[in-house]
Every structure is written in C-alpha cells, then in structure tokens.
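# Working through the structure, step by step
As a plain string of letters, each chain reads:
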Amino acid sequence: MSVHAQAEPTKAMKLWFDMGDNSTVKNASGQSASYGEAVATLEDKSGNDYHVAQTTESYRPTYSSDDAITFDGTNDFLTGDPGVGLLTEDATVFLVAKNTSTGTDRRGIFLDQNFIHAGNEYGWVIHHGEDDYNIFQNGHEGILCWNSSNGVGNQNYDIYAWTEQNVFDENHLTVINLIKDGVSITFKVDGQTVFMSDGGISNAPISYNAGTVLHVGRKVNTGDWIGTKPYKGLMYEIIIYDRLLTEVELSETQEYLERKWVSESVDKYSLSVTTS
C-alpha cells in the first residue's frame, strides 16, 4: 500500500511546521510526543528555527493518532517570537487542517503574528468564520479570512478579505492556500480557487510596530474586535513563503500536500522532502 512519492514542497520557505514529522513535535521532556500526549514544542523545519511552544500545561494542544495537532477550541495555542516579521507584502501560505467545530461555533484562528485591531493596528492574522469586527460577515460560517495592517489608523479595513461561505466545512481535511499580493487576496481550497466575497486590498506593507510574536491556534490579544478566537480542530501542516510562488511552485507544493495528507495510497513517511 505504500507508494514512494517524489513530490516535495517548493524550497526556501519562511516557516514550515510539519506535524507529520514526529521528530519536530515535542513533549514537555523534549522527546517526540506520543499519540494522546500534550505538545510542548513544535519545531520549524524551514531552517530558520522559528519554533513555537507552550509553557503552560493546561494550554498545550494534543498530538493525535493521525499525525496532527489537536486544538481544543478553548485555550490551546503555541507561541514563539521569530524576532522578525514573517511577511511584508507578497505572501503565499499553505495550511492543512480539519475543523471540528460546528454551527455558529465554526470560527477560529489558524495563525496570527501580533495582530490587533484596537486603534493602533499591526501584524496579520489568518482565521476562519466571522469575527466581531466586520458587520458584512455577520452570520457567515465556514469562510476563510485574512487581515493585516500597515499601522496607519483604520487602514487594516482596506487589507481585509474573506471568501464565500462554507469553503471550510466541519470534519473535512482541507488543503488551504492563501496568495497575497499588493492588490488582492486569493484563497484556494483543495487546489481550486474559491469565490471571494471581498478580495480587494490596498497596497500596504505589513507593520510590526508592537512586536513579532507568532501564535498558532488562537490570539492572546483580547483588546480588539476579533478577540482570541480559539481554533477547534486539527492542524497537519503549515508552510509560509514571504513571496509569490510561480504556478509551477504552487502546483508542486499543492501536489506534495495532497499526496501526503489526502491520498490514502501514499505513505506520508516515504515522501522525499528537502529545504535547501
């Protein structure tokens, strides 16, 4: 049943969390986490060493038997400070996730880097489901959203984009691809471009005027409209590039993720993957 797939992600990532590589998922003792065990550290495979961790035991997510990290939708998250802004203007992000929240509870943050909207905006965030900031999203479930800020007043409203409803439905393992350039946001779901309810953005580099702390699973900043928005579900892999990929690069990374996580005929441990 095992197939030795040669697909690999495009090289030179800014950040790469591969939950399927058990050697990068650590317990509190610094050993590879066993299934059902709390995750204390998740190591970055990009070569940049932008690791994230959780020192508070009750806030640690769990390593699941399908080689993913499970977040409880209440207070689980991982955090670390790369010391730099991961993204500036152009960006390409791949996320493999399964949402286990239901109904109006289908909202949560995948990633944010010190994002806050409370008068002094900064950073960026990728989340799913409506938030309390944008009235045009009210009642929208299963949408995918991006927001970022250049630190100038309320201009983050012009750098805010979201998809149509129900593109990220519950209990479906989904390969999400976000593409950001200076004028628009595009989301692809399982390799297919999805309709954007609002995809236009202003040309504004992201500002990090209050730090560069990265969070996986929820925010810790509470003084804004979005709130903490804890994620409920599984995360399998996260790859971030601080540039636009070519169509060939997009295709090869999508193929790598689909063959690794979606195809039942591929043994994920047999994939040949390099970063140099």
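In what follows, the accompanying structure is described. (Residues numbered from 1 in each chain as written. Predicted model: local features only at pLDDT ≥ 70, side-chain atom pairs only at ≥ 80, totals over all residues. Heavy atoms only, no water.)

### Regarding the overall build of the chain
Note the cut-off: Only DSSP runs of H or I with at least four residues qualify as helices, and only runs of E with at least two residues qualify as strands; both kinds are numbered from the N terminus onward. Exposure is judged per residue with a 1.4 Å probe applied to protein chains only, and the accessible area is read against the type maximum: over 50% gives exposed, under 20% gives buried, and values in between give partly exposed. In what follows, a contact means two residues having at least one pair of non-hydrogen atoms within 4.5 Å. Here, Shrake-Rupley sampling with a 1.4 Å probe gives the accessible areas, and only protein chains in the shown set may cover a residue.
Counting its secondary structure elements, the chain contains 1 helix and 18 strands. Each of the 276 residues in the chain was classed as buried or not, and the buried ones make up 54%. Residue pairs at least 24 apart in sequence account for 69% of intrachain contacts in the chain once pairs closer than 6 positions are excluded. Surface summary for the chain: the accessible area is close to 10,700 Å², and the carbon and sulfur share equals 47%.

### Some points on the pattern of salt bridges
Cut-off, in case you're wondering: We define a salt bridge as a contact between a side-chain nitrogen of Lys or Arg and a carboxyl oxygen of Asp or Glu at a distance within 4 Å.
Going through the model one piece at a time under the given rule, you end up with 8 salt bridges. The shortest N-O distance in the salt bridge between Lys 45 and Asp 18 comes to 3.0 Å. With Lys 45 in the loop between strand 3 (41-42) and strand 4 (52-53) and Asp 18 in strand 1 (residues 15-18), this residue pair connects regions lying 27 residues apart in the sequence. Judged by relative accessible area, Asp 18 falls into the buried class, the value being 3%.

### Things to note about unusual backbone geometry
The phi angle at Asp 49 is positive, at roughly 60°, despite the residue not being glycine. Looking at where Asp 49 falls in the secondary structure, it is placed in the loop between strand 3 and strand 4. Judged by relative accessible area, Asp 49 falls into the exposed class, the value being 54%. Of note in this structure, Asn 114 is not a glycine but carries a positive phi near 50°. Turning to its location among the elements, Asn 114 is positioned in strand 9 (residues 108-116).

### Overview of the packing of aromatic side chains
The criterion, for reference: Whether two aromatic rings pair depends on their centres lying within 6.5 Å, for rings of Phe, Tyr and Trp, where Trp uses its six-membered ring; planes under 30 degrees apart make the pair stacked, over 60 edge-to-face, and the rest tilted.
Tallying each qualifying case throughout the model produces 7 aromatic pairs. When the centroid spacing of 6.1 Å and the interplanar angle of 70° are considered together, the rings of Phe 71 and Tyr 231 count as edge-to-face. Taken together, the residues Phe 71 in strand 6 (residues 69-72) and Tyr 231 in the loop between strand 17 (214-216) and strand 18 (232-241) connect sequence positions 160 residues apart. Of the two residues, Phe 71 and Tyr 231, both sit in the buried class.

### Regarding the nonpolar core
Basically, it comes down to this: In this text, buried Ala, Val, Leu, Ile, Met, Phe, Trp, Tyr and Cys residues form a nonpolar core when linked through side-chain atoms within 4.5 Å.
Grouped together as the largest cluster of nonpolar side chains are 42 residues, with contacts concentrated most on Phe 110 and Trp 124. Of all the elements, strand 8 (residues 91-99) adds the most residues to this core, at 4 residues.

### Quick look at the side chain of Asp 67
Filter applied, for reference: Any N or O atom pair separated by 3.5 Å or less is treated as a polar contact, with the protein-specific requirement of one donor-capable and one acceptor-capable atom, and with residues adjacent in sequence counted only for side-chain atom pairs.
Positionally, Asp 67 belongs in the loop between strand 5 (62-63) and strand 6. Since its relative accessible area comes to 4%, Asp 67 is described here as buried. One polar contact links Asp 67 to Tyr 35, side chain to side chain, over a distance of 2.7 Å.

### A word on the pairing of strand 1
Filter applied, for reference: When DSSP finds two or more bridges between two strands, those strands count as paired.
Going residue by residue along strand 1, you find Leu 15 and Phe 17 tucked away on one face and Trp 16 and Asp 18 tucked away on the opposite face as well. As defined by bridge partners, strand 1 adjoins strand 18 across 4 bridges and the pair is classed as antiparallel. Across the sheet, the residue bridging to Trp 16 is Ile 239, located in strand 18.

### Thoughts on helix 1 (residues 247-262)
Operational definition: Helix span is expected to be 1.5 Å times the residue number reduced by one. Taking the helix axis as origin, the arc is that swept by the directions to the C-beta atoms.
Compared with the 22 Å implied by 1.5 Å per residue over 16 residues, the 21 Å span of helix 1 between its first and last C-alpha is a close match. Those residues of helix 1 that fall on the buried side of the exposure criterion are Glu 249, Leu 250, Thr 253, Gln 254, Tyr 256, Leu 257, Lys 260 and Trp 261. The arc enclosing the buried residues of helix 1, seen along the axis, measures out at 155°, which places them on a common side. Exposed and oriented more than 90 degrees from the buried face of helix 1 are Glu 247 and Val 248. Contacts made by the buried residues of helix 1 are with strand 1, strand 8, strand 13 (174-180), strand 14 (185-189) and strand 18.

### Regarding the environment of Lys 14
Tracing the backbone shows Lys 14 in the segment before strand 1. Here the alpha-carbon distance between Lys 14 and Ser 46, two residues 32 residues apart in the chain, equals 6.3 Å. Excluding residues that lie within four positions of it along the chain, Lys 14 makes contacts with Asp 44, Ser 46, Asn 48, Tyr 50, Gly 85, Leu 86, Ile 240, Tyr 241 and Asp 242.

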